[in-house]
Amino acid sequence: MGRGPVQLRRIENKINRQVTFSKRRNGLLKKAHEISVLCDAEVALIVFSTKGKLYEYSSHSSMEGILERYQRYSFEERAVLDPSIEDQANWGDEYVRLKSKLDALQKSQRHMLGEQLDSLTIKELQQLEQQLDSSLKHIRSRKNQLIFDSISKLQKKEKALTDQNGVLQKLMEAEKEKNNALMNAHLREQQNGASTSSPSLSPPMVPDSMPTLNIGPCQPRGAGESEAEPSPAPVQANSGNLPPWMHRTVSNRHQPMHDPSRSCDRILA
């Protein structure tokens, strides 16, 4: 009785599944090698396990060459089927070119930093030194130019501030002179107003003999007449030193006063 077809499905037992994966993987790699040798074909095989481990095989020394060829072929085939992706046909070549350029730039950068110099020859080291010297010259020239520009700007700013300071100082001096002139004028006005409104008064001269008024009992007329009235001459002599507005006061003060003795005589008579 013949063997029936085997139904393919996932192996539930973990150990059996791992053993089957190892056997089939080795058989697959063996078949790939056989077809590449027997038929002179370019074979690339990539296998990832359930745990993410990579297993690969390529008939050439580099897997990247076969993958680039696959990309070019796939782009060309799709470009024929779909004209809208014709521009994507050269993406593989562009990728290779840009990758090589990036590698060269990274290598040059490492050399500039002084790294990985063991593989360089004397001539290459001399060229690198000359390149570094030229770079340093350009850097120093640019730095000096920036410093000179900064110094020039600061000098212009200093000159502008000095001019502004001079202008402000002149304004302050003018304002100070103006204030002094106004103060002096105000003081002169105050002095002139005081001299006109309140003239200086000389102290009044007190006469040597001032008339006195004796109030007492009535005396006879003869006794009163025997006494002479005080002479106002000294007062008049001294009144010459008084201001005019005081002459009337002094003259009124020394007028003949009412004699009470005469009133008494009239009463006795």
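Residues numbered from 1 in each chain as written. Predicted model: local features only at pLDDT ≥ 70, side-chain atom pairs only at ≥ 80, totals over all residues. Heavy atoms only, no water.

Participant: Is there a simple way to think about the overall build of the protein in this case?
Facilitator: When you go through the protein residue by residue, the secondary structure sums to 8 helices and 2 strands. The N-to-C order of helical and strand elements in the protein reads α-β-β-α-α-α-α-α-α-α. Every one of the 269 residues in the protein was classed for burial, and the buried ones make up 12%. Counted over contacts in the protein with a minimum sequence separation of 6, partners at least 24 positions apart contribute 37%. For the protein, the exposed area adds up to about 23,700 Å²; of that, 56% sits on carbon and sulfur atoms. (Helix = DSSP H or I, 4+ residues; strand = E, 2+ residues; numbered from the N terminus. Buried < 20%, exposed > 50% of the residue type's maximum accessible area, 1.4 Å probe, protein only. Contact = heavy atoms within 4.5 Å. Areas by Shrake-Rupley, 256 points an atom, 1.4 Å probe, with all protein chains shown as cover.)

Participant: Could you clarify how one ought to interpret the layout of surface pockets in this entry?
Facilitator: Gaps left between atoms are located by rolling a probe of water-molecule size over the structure's atoms. Size it by volume and the second largest pocket reaches roughly 220 Å³. Surrounding the second largest pocket, Ile11, Lys14, Arg17, Gln18, Thr20, Phe21, Ser49, Thr50 and Lys51 form its lining. (1 Å grid on protein atoms, 1.4 Å probe; cavity = no way out; pocket = protein on both sides within 12 Å on 5 of 7 lines; lining within 4 Å. Points joined across faces, edges and corners; volume = space filled by probe spheres on them.)

Participant: Help me understand the side chain of serine 36 in this model?
Facilitator: Locating serine 36 in the fold gives a position in helix α1 (residues 14–39). The class for serine 36 is buried, based on a relative accessible area of 10%. When residues no more than four places from it in sequence are discounted, the contact partners of serine 36 are Ala41, Val43, Tyr57 and Ser59.

Participant: Where do I start with unusual backbone geometry in this structure?
Facilitator: Excluding glycine, most residues fall at negative phi; most peptide bonds, likewise, are trans. The phi angle at aspartate 40 is positive, at roughly 55 degrees, despite the residue not being glycine. In this structure, aspartate 40 sits in the loop between α1 and β1 (44–48).

Participant: Is there a simple way to explain the pattern of salt bridges in this structure?
Facilitator: If the charged atoms of two oppositely charged side chains come close together, the side chains can form a pair. Applying the stated criterion across every chain yields a total of 3 salt bridges. Among the ionic pairs, glutamate 42 bridges to arginine 69, the shortest N-O distance being 2.7 Å. Here glutamate 42, found in the loop between α1 and β1, pairs with arginine 69, found in helix α2 (residues 63–81); they are 27 residues apart in sequence, far enough to count as distant. The class for glutamate 42 is partly exposed, based on a relative accessible area of 39%. Given the relative accessible area of 47%, arginine 69 is considered partly exposed. Among the salt bridges present, the one from lysine 99 reaches aspartate 103, with a minimum N-O distance of 3.7 Å. One end of the pair, lysine 99, and the other, aspartate 103, are both in helix α3 (residues 91–112), 4 residues apart, so they sit about a helical turn from each other. Residue lysine 99 is classed as partly exposed on the basis of its relative accessible area of 41%. (Salt bridge = Lys/Arg side-chain N within 4 Å of Asp/Glu carboxyl O.)

Participant: What's the story with α1 in this structure? I'm lost.
Facilitator: Along an α-helix, residues three or four positions apart point the same way, because every turn accommodates 3.6 residues. Over its 26 residues, α1 extends 37 Å from the first C-alpha to the last, a length consistent with the 38 Å expected when each residue adds 1.5 Å. Arg25, Ala32 and Ser36 are the residues of α1 that are buried. Tucked into the core, α1 has its buried residues touching β1 and β2 (54–58). The backbone nitrogen of isoleucine 15 lies 3.2 Å from a side-chain oxygen of the residue at the head of α1, namely asparagine 13. Backbone geometry just downstream of α1 places aspartate 40 in the positive-phi region, at approximately 55 degrees. (Expected span 1.5 Å × (residues − 1). Polar contact = N/O pair within 3.5 Å; in protein donor to acceptor, adjacent residues only side chain to side chain.)

By themselves, these observations are geometric and do not establish any function.
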